[in-house]
Amino acid sequence: MKHLIVLLGLAALAVPCRSQGGSPANAPQEPDPAREAGEEEEDPFYKSPVNKLAAAVSNFGYALFRQQSSQTPSANVLLSPFSVATALSGLSLGAGERTEDVISRALFYDMLEKAQLHSTYKELLSSIGSPTKGLKSASRLVMERKLRMRIAFVNELEKSYGFRPRVLSGNARADLQEINQWVQQRTGGKVVRFLGEIPAGLSILLLGAASFKGQWATKFDPKLTKPQDFHLDEDRTTQVPMMSAPRAILKYGFDSELSCKIAQLPLAGGVSLMFFLPESVTQNLTLIEDSLTAEFVHDIDKQLKTVQAALRLPRLRLVAETRLGEALQAMRLQALFSTPNLGKISAKPIRLSHAHHKVAFDLGEDGASPVFGSETEVARLNFPIDYTLDRPFLFVLYDNDSGTLLFVGKILNPQQA
């Protein structure tokens, strides 16, 4: 089992990590008849239907991230899986029972109340759609040329998920322009030219796009941002603009089993960014990726300890475009791409043929309050640590209230397009 260690000067405080179910590993416990019968105590955080749903779609997001990362081991991966999950969940409204079950398993809906699912998703969309969070997420289903759709599906999709499907007109230029303009408008102008062309053989295109323009809870001093080496591997470096806060206050822990330093920093709007920094530039990130679940991140968030740190991290201005069809098919969704039952959408046989994803992520020095390190804060904390993101790392951006995964990234090179 993993152990999280927070180092403060010469003292080392060991904090046991929690399992996915929320129970501390190796912690003394009173006998519990329910546990002896094989039942696991539910974390109070997950008693809310919205939080349960958020955990489910987040676990889909982590699984999608792992799958995409395994397909591109030598490149950055940047995803906002919530936009993809939203389009998939909306698609399930048009599915027959067997196809609906395929989507539900992929989205980890097994333990959710089916009757309340789509109304709860509407509530979740409203919760994380607050402008203060900095996230703009866009989901859509683009349908083949002149498809006649059932009005009940169109109305329910718009009611629960806030978007209408787009049916291609047959005028490729006009269709392309409308789709790209729609995405650009929905992402606050940050995601441009979502499609270069209308894909050949399109039956259903699943569209997921997102942008994030964040503000730290406490801003960085731009005058301290300097070019600094980022170690790509043992032999190669690249220069990146490195933001610096000599007296930052953050939450920190060291996971001995994953061999990584974990830091969490709050952002404005009730969202947080958690970094996973391997001890060595040569360390494989797969073990850390495999550990990521909604429950794991939630448990870690509760166990990290507030420390003072000399903090340095790259300015993150990233754009990523990803074709997700292969990854989705590897995630128990092959049936959607072959012969699904989508009879609630149209009498004509249709299938998922394409899945496109494009995101923009922007996090610089901006913050909601003055620069790090007031005398009052620093006086309470001694033994400062060093936390420098100068080698490949992972990050997770999540909503504090619901736990929803908003963005996840594997950054091998902050300068890589």
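Structure shown above.
The rules behind these values
- Residues numbered from 1 in each chain as written.
- Predicted model: local features only at pLDDT ≥ 70, side-chain atom pairs only at ≥ 80, totals over all residues.
- Heavy atoms only, no water.
- Helix = DSSP H or I, 4+ residues; strand = E, 2+ residues; numbered from the N terminus.
- Buried < 20%, exposed > 50% of the residue type's maximum accessible area, 1.4 Å probe, protein only.
- Contact = heavy atoms within 4.5 Å.
- Areas by Shrake-Rupley, 256 points an atom, 1.4 Å probe, with all protein chains shown as cover.
- Core = buried A, V, L, I, M, F, W, Y, C linked by side-chain atoms within 4.5 Å.
- Axes fitted to C-alpha atoms, helices over the stretch in contact; angles between N-to-C directions.
- Parallel < 35°, antiparallel > 145°, perpendicular 65-115°, else oblique.
- Nonpolar A, V, L, I, M, F, W, Y, C, P; charged D, E, K, R; others polar.
- Salt bridge = Lys/Arg side-chain N within 4 Å of Asp/Glu carboxyl O.
- Polar contact = N/O pair within 3.5 Å; in protein donor to acceptor, adjacent residues only side chain to side chain.
- Phe/Tyr/Trp six-rings, centres within 6.5 Å; stacked < 30°, edge-to-face > 60°.
- Lys NZ or Arg CZ within 6 Å of the ring centre and 35° of its normal.
- Pairing = 2+ DSSP bridges.

A. Region of the structure containing the overall build of the protein chain. Helix and strand counts for the protein chain stand at eleven helices and 18 strands. For the protein chain, with 417 residues in total, the buried portion stands at 54%. Excluding contacts between residues fewer than 6 apart, the proportion of contacts in the protein chain whose partners are at least 24 apart in sequence is 76%. Carbon and sulfur atoms make up 50% of the accessible area of the protein chain, which totals about 18,500 Å².

B. Representation of the nonpolar core. Leu141, Trp216, Phe275, Phe276, Phe361 and Phe407 are the most contacted members of the largest nonpolar core, which totals 128 residues. Among the elements that make up this core, the one with the highest residue count is helix α2 (residues 49–71) (ten residues). Excluding its chain neighbours within four sequence positions, the residues that come into contact with Phe276 are Cys260, Lys261, Ile262, Ile288, Leu292, Phe296, Tyr387, Phe393, Leu394 and Val396.

C. Looking closely at the packing of helix α4 (residues 97–106) against helix α10 (residues 325–333). The N-to-C vectors of α4 and α10 enclose an angle of 105°; their axes lie 9 Å apart at closest approach. Between α4 and α10, the angle is such that the two are roughly perpendicular. Along its contact with α4, which presents Val102, Ile103, Arg105 and Ala106, the element α10 presents Met331, Arg332 and Leu333. Its residues assigned to classes, the contact of α4 with α10 comprises five nonpolar, no polar and two charged.

D. Quick peek at the packing of α2 against helix α9 (residues 294–303). It is the contact of α2 with α9, at a shortest axis distance of 8 Å, that shows an interaxial angle of 105°. When the axes of α2 and α9 are compared, the pair comes out roughly perpendicular. Of the residues in α9, those touching α2 at Ala55, Ser58, Asn59 and Tyr62 are Ala294, Glu295 and Val297. Here the contact of α2 with α9 is composed, by residue class, of four nonpolar, two polar and one charged.

E. Broad picture of the pattern of salt bridges. Counted under the stated rule, the structure contains 19 salt bridges. Notably, a salt bridge pairs Asp43 with Lys302, separated by 3.1 Å at the nearest N-O pair. Taken together, the positions of Asp43 in the loop between α1 (33–36) and α2 and Lys302 in helix α9 put the pair 259 residues apart, joining distant regions of the chain. Relative accessible area serves as the criterion here: at 11%, Asp43 is assigned to the buried category. For Asp301, the salt bridge identified is with Lys251, shortest N-O distance 3.9 Å. Highlighted residues: Asp301 in helix α9 and Lys251 in strand β9 (residues 237–255), separated in sequence by 50 residues. Judged by relative accessible area, Asp301 falls into the buried class, the value being 18%. Residue classification places Lys251 among the partly exposed positions, given a relative accessible area of 22%. Salt bridges sharing partners connect three or more residues here, namely Arg140, Arg166, Asp175 and Glu178.

F. Expanded view of the side chain of Asp175. Checked against the element boundaries, Asp175 lands in helix α7 (residues 172–186). Within the local environment of Asp175, its side chain forms a polar contact with the backbone nitrogen of Gly170, the two atoms lying 3.3 Å apart. Excluding its chain neighbours within four sequence positions, the residues that come into contact with Asp175 are Arg166, Leu168, Ser169, Gly170 and Ile198.

G. Representation of the packing of aromatic side chains. Under the definition given, this model contains eleven aromatic pairs. Ring centres of Trp216 and Phe220 lie 5.4 Å apart, and the angle between their planes is 65°; on these two criteria the pair is classed as edge-to-face. When its relative accessible area of 1% is taken as the criterion, Trp216 is described as buried. The exposure class assigned to Phe220 is buried, which follows from its relative accessible area of 1%. Ring pairing ties together the aromatic residues Phe212, Phe361, Phe395 and Phe407, which thus form one cluster. The ring centre of Trp182 lies 4.5 Å from the NZ or CZ of Arg140, which sits over that ring.

H. A look at the side chain of Asp390. Note on placement: Asp390 falls in the loop between β16 (385–388) and β17 (393–399). A distance of 3.0 Å separates the side chain of Asp390 from the side chain of Arg391, its partner in a polar contact. Excluding residues within four positions of it along the chain, Asp390 makes contact with Asp229, Phe230, His231 and Met242.

I. Spotlight on the sheet that holds strand β14 (residues 352–363). In spatial order, the strands read β5-β4-β6-β14-β13; together these five strands make up an open sheet with mixed pairing. Looking at which strands have only one partner, the edges of the open sheet turn out to be β5 (166–167) and β13 (316–323). Where α7 meets the sheet, it contacts β4 (135–143), β5 and β6 (204–213), and its direction lies at approximately 155° from that of β4.

J. Layout of the environment of Ser130. Residue placement: Ser130 occurs in the loop between α5 (117–128) and β4. By relative accessible area, which is 24% here, Ser130 ends up partly exposed. Between the C-alpha atom of Ser130 and that of Gly270, which follows or precedes it by 140 residues, the distance is 10.0 Å. Within the structure, the side chain of Ser130 is placed 2.9 Å from the side chain of Thr132, a separation counted as a polar contact.

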